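Residue-level structural notes
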Amino acid sequence: MANVLFVCLHNAGRSQMSQALFEREARGHHEARSAGTEPAERIHPAVVAAMEEEGIDVSRRVPQLLTMDLGRWADVVVTMGCGDACPVIPGKRYIDWDLRDPKDLPIDEVRAIRDDIERRVNELVKDLDRAGVRR
């Protein structure tokens, strides 16, 4: 089993969608968490709506602060726009996804970001499965 940490600036959009889509795709074979370097108070409403369209409820999730403990927990850290604020811990696999921040974007653009994340997440789960990192 792999522990995957999704990190963005506010933990209110990209990383929340990534965690939720990863959890669905991994089906319990891998674990995911998400965090932000400057967490928002809540998840962006358009993100909640876009995820509801996929049958995933993220409305009760609360943005979390990125901590060193979370960084140490992870085998794989996927960053999305947090730049130098993301910790670098030796021995971890780092992946950087260049994704737009969905904050204040219209729902059609948030859907496009969600769909891009879903493709990336599906590939990540396949890579982890191929590597034999399963529960």
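The sections below set out a description of the structure shown in this document. Just so it is clear, the model here is predicted, and its values are computed rather than measured.

This next bit is on the packing of aromatic side chains. Tallying each qualifying case throughout the model produces 2 aromatic pairs. Ring geometry for phenylalanine 6 and tryptophan 97: centres 5.9 Å apart, planes at 40°, overall tilted. Taken together, the residues span a long stretch of sequence, with phenylalanine 6 in strand E1 (residues 3–8) and tryptophan 97 in the loop between strand E4 (93–96) and helix H4 (107–130) at a distance of 91 residues. Using a relative accessible area of 0% as the deciding quantity, one classes phenylalanine 6 as buried. Owing to a relative accessible area of 7%, tryptophan 97 belongs among the buried residues under this scheme.

What follows covers unusual backbone geometry. Phi at asparagine 11 is positive, roughly 50°, even though this residue is not glycine. Following the sequence through the fold, asparagine 11 ends up in the loop between E1 and helix H1 (14–26). One non-glycine residue, aspartate 104, adopts positive backbone phi at about 65°. Residue aspartate 104 is classed as exposed on the basis of its relative accessible area of 71%.

What counts as what
- Residues numbered from 1 in each chain as written.
- Predicted model: local features only at pLDDT ≥ 70, side-chain atom pairs only at ≥ 80, totals over all residues.
- Heavy atoms only, no water.
- Phe/Tyr/Trp six-rings, centres within 6.5 Å; stacked < 30°, edge-to-face > 60°.
- Helix = DSSP H or I, 4+ residues; strand = E, 2+ residues; numbered from the N terminus.
- Buried < 20%, exposed > 50% of the residue type's maximum accessible area, 1.4 Å probe, protein only.

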